[in-house]
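Descriptive structure summary
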Amino acid sequence: MYARKGVRSIVVKSIGSILKSLRKERKLTLKELAGLTGVSISFLSQVERGKSSVTLESLKKVADALNVNPTVFFPEDEEEQTFEDRHQQFYYKDLSNGIHDASYLPILVTLQPGQNDGNAFTHSGHEFLFVVEGVLTVSIDGKKTELTEQQSIMFDAKKTHYWYNLTKQPIKFLVVSSK
């Protein structure tokens, strides 16, 4: 489902520049990508130009449409992060050790305080969440649950779901999604 083909050759500076490079590499117009994702052309354009932040929901839709792992939008080496990247509302770290054909995808997510934008979404497979640090609010089919450090939950990802940080501290949690 996900491939990192050609990503290493891209000089990255921000989520927007990576998005633009991937879109052009696949010879897609903004209109075509908007059609594949259900995200507006103007929003995609603003993200590419660094004028708008992207939500977890939108980033997942874009990654799926481009057939890439969502972690490609974040530098693997923290020293490569730009000022803009460090101030994103969330950050993904790929924990797959370069294995891209596995039947599941492990990602470490950091959500900044107050990250509560976005709409619940669905995707195929199952999802496992494990809170490493902080208090994570998870909504599954409209039911909100708070998970504290060392707590976990697993669910059918076809159910509408979303993660929130309603606290004043960053949250780190592990997400393992099956394909």
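Described below are features of the structure shown in this document. (Residues numbered from 1 in each chain as written. Predicted model: local features only at pLDDT ≥ 70, side-chain atom pairs only at ≥ 80, totals over all residues. Heavy atoms only, no water.)

A word on the pairing of strand E3 (residues 126-133)
Pairing analysis gives five bridges linking E3 to strand E6 (residues 152-156), with the strands arranged antiparallel. Looking at E6, one finds that Leu-129 is bridged to Ile-153. Relative to strand E8 (residues 171-178), E3 runs antiparallel, the two being bridged by six bridges. Residue pairing in the sheet places Phe-130 in a bridge with Leu-174 of E8. (Pairing = 2+ DSSP bridges. Helix = DSSP H or I, 4+ residues; strand = E, 2+ residues; numbered from the N terminus.)

Comments concerning the sheet that holds strand E5 (residues 143-147)
Strands sit in the order E5-E4-E7 across an open sheet of three strands; the sheet is antiparallel. Two strands lie at the open edges of the sheet, namely E5 and strand E7 (161-164), each paired on one side alone. Direction aside, neighbouring strands of the sheet carry axes that sit 20° apart on average. In terms of strand pairing, strand E4 (residues 136-140) meets E7 through four bridges, oriented antiparallel. Bridging across to E7, Val-138 finds its partner in Trp-163. (Axes fitted to C-alpha atoms, helices over the stretch in contact; angles between N-to-C directions.)

What to know about the pattern of salt bridges
A full pass over the atoms with the stated rule returns two salt bridges. Here Arg-23 makes a salt bridge to Glu-48, at a shortest N to O gap of 2.6 Å. With Arg-23 in helix H1 (residues 15-25) and Glu-48 in helix H3 (residues 41-48), this pair connects stretches of sequence that are 25 residues apart. The exposure classification of Arg-23 matches that of Glu-48, with both residues buried. (Salt bridge = Lys/Arg side-chain N within 4 Å of Asp/Glu carboxyl O. Buried < 20%, exposed > 50% of the residue type's maximum accessible area, 1.4 Å probe, protein only.)

Some details on H1
Since there are 3.6 residues in each turn of an α-helix, residues three or four apart along the chain are aligned in direction. All of the buried residues in H1 are Ile-15, Gly-16, Ile-18, Leu-19, Leu-22 and Arg-23. In an axial view of H1, the angular spread of the buried residues amounts to 160°, which keeps them on one side of the axis. At the exit of H1 stands Lys-27, carrying a positive phi of roughly 55°. (Arc of directions from axis to C-beta.)

Some thoughts on the nonpolar core
If you look at soluble globular proteins, the nonpolar side chains tend to sit buried side by side. Of all hydrophobic cores here, the largest spans 40 residues; its most connected members are Leu-66, Phe-73, Leu-129, Leu-136, Trp-163 and Phe-173. Ignoring any residue separated from it by four or fewer positions in sequence, one finds Phe-173 in contact with Ile-107, Leu-108, Val-109, Leu-111, Leu-129, Phe-130, Val-131, Val-132, Leu-136 and Trp-163. (Core = buried A, V, L, I, M, F, W, Y, C linked by side-chain atoms within 4.5 Å. Contact = heavy atoms within 4.5 Å.)

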